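Given next are the chains, with one letter for each unit.
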Amino acid sequence: MSHAIDTGRGLDEAARALLYTEARTANSFAPTPVSDEKLAQIWELARWAPTAANTQPLRVLFVRTDEGRARLVEHMNEGNKAKTASAPAVAVLAVDPRFHDHIPALLPFRPELRDVFEANEPMRKKTGDFNAALQAGYFILAVRSLGLAAGPMAGFDADGIDKEFFPDGQWHSTLVVNIGHPGENPWFDRLPRLDPEESVSWA
């Protein structure tokens with residue numbers, strides 16, 4: 001049974017600030033733990049992101065132990081090592097190159113699309129990369145919506161992480177997101193954004 005959603009209501013100003021206008025990328029983290037239950041809540045929200053043909057190619061590895069974090073830090077760029085080491089939880093976001101194997105379950109009225117993707121590797125890669133990136137944006141918003149700070153980073157050795165954590169080649173890492181409560185001096189100065197006149201057109 002479907003539910004009617006009141007899309008006209010919208011979020012209040014405080015919620016919009018939390019997700020967008022006042023949200024910042026954290027660069028240091030307090031030692032306050034982030035529970036496995038809270039991490040599960042992040043994914044419970046993020047998994048509802050829209051994707052083409054409901055393909056859902058994003059996969060998540062939550063790193064929460066000291067041992068796992070030490071293994072991950074080895075593959076971060078030098079400028080990202082300290083902040084990742086200080087984060088109580090870290091998410092490695094990855095693309096599943098075999099995402100299309102799930103299409104018969106995720107798109108039951110067009111199961112044949114699995115074979116279309118199987119036969120077209122360029123289309124499969126483009127679809128996986130784009131839609132995983134779309135899901136990653138929702139993932140960051142989910143972190144923020146639960147009152148946590150997110151520190152997304154692309155500065156890491158992706159091949160090294162893949163060999164360390166996904167040795168059978170089933171996933172390919174694309175983004176690392178530190179998760180926790182802000183620590184000491186966590187924010188850089190706010191950088192400017194393009195004015196609407198420079199980035200928006202109307203037709």
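Scroll up to find the structure this text is about.
All figures in this text were calculated on a predicted structure; none of them were measured in a lab. (Residues numbered from 1 in each chain as written. Predicted model: local features only at pLDDT ≥ 70, side-chain atom pairs only at ≥ 80, totals over all residues. Heavy atoms only, no water.)

S.K.: How do you make sense of a nonpolar patch on the surface when you look at a structure like this?
M.R.: Together, F130, L134 and Y138 make up a nonpolar patch on the protein surface, roughly 290 Å² of accessible area in all. Inspection of the secondary structure assignment puts F130 in helix α7 (residues 121-145). Looking at F130, the relative accessible area reads 56%, which means it is exposed. (Patch = residues over 30% accessible without salt bridge, like charges linked within 9 Å, V, L, I, M, F, W, Y side chains within 5 Å. Areas by Shrake-Rupley, 256 points an atom, 1.4 Å probe, with all protein chains shown as cover. Salt bridge = Lys/Arg side-chain N within 4 Å of Asp/Glu carboxyl O. Helix = DSSP H or I, 4+ residues; strand = E, 2+ residues; numbered from the N terminus. Buried < 20%, exposed > 50% of the residue type's maximum accessible area, 1.4 Å probe, protein only.)

S.K.: What is the right way to look at α7 in this model?
M.R.: A turn of α-helix holds 3.6 residues, and therefore any two residues three or four places apart point the same way. Between its first and last C-alpha atoms α7 spans 36 Å; for 25 residues at 1.5 Å apiece the expected length is 36 Å, and the two agree. Considered for burial, the residues of α7 that qualify are R124, T127, G128, N131, A132, Q135, A136, F139, I140, A142, V143 and R144. Measuring from the side-chain oxygen of the N-cap residue of α7 to the backbone nitrogen of M123 gives 3.0 Å; that N-cap residue is N120. (Expected span 1.5 Å × (residues − 1). Polar contact = N/O pair within 3.5 Å; in protein donor to acceptor, adjacent residues only side chain to side chain.)

S.K.: What exactly am I supposed to notice about the packing of aromatic side chains here?
M.R.: The description of an aromatic ring pair rests on the distance of the ring centres and on the angle between the ring planes. Taken as a whole and judged by the stated rule, the model has 3 aromatic pairs. Between F99 and F117, the ring centres sit 5.4 Å apart and the planes meet at 70°, which makes this aromatic pair edge-to-face. Of this pair, F99 sits in the loop between β2 (89-95) and α5 (103-106) while F117 is found in helix α6 (residues 113-118), placing the two residues 18 residues apart along the sequence. For the pair F99 and F117, one class covers both residues: buried. (Phe/Tyr/Trp six-rings, centres within 6.5 Å; stacked < 30°, edge-to-face > 60°.)

S.K.: I'm lost on the nonpolar core in this one. Help?
M.R.: When a protein is soluble and globular, its nonpolar side chains tend to lie buried together. Membership of the largest hydrophobic core comes to 21 residues, with the highest contact counts inside it found for I42, A91, L93, F139, V143, V177 and I179. Tallying contributions element by element places α7 first for this core, with 6 residues. Ignoring anything within four residues of it in the chain, the contact list for A91 reads V60, L61, F62, F139, L175, V176, V177 and I179. Formed by 16 residues, the second largest nonpolar core is a distinct cluster that contains F29, A87, V90 and A94. (Core = buried A, V, L, I, M, F, W, Y, C linked by side-chain atoms within 4.5 Å. Contact = heavy atoms within 4.5 Å.)

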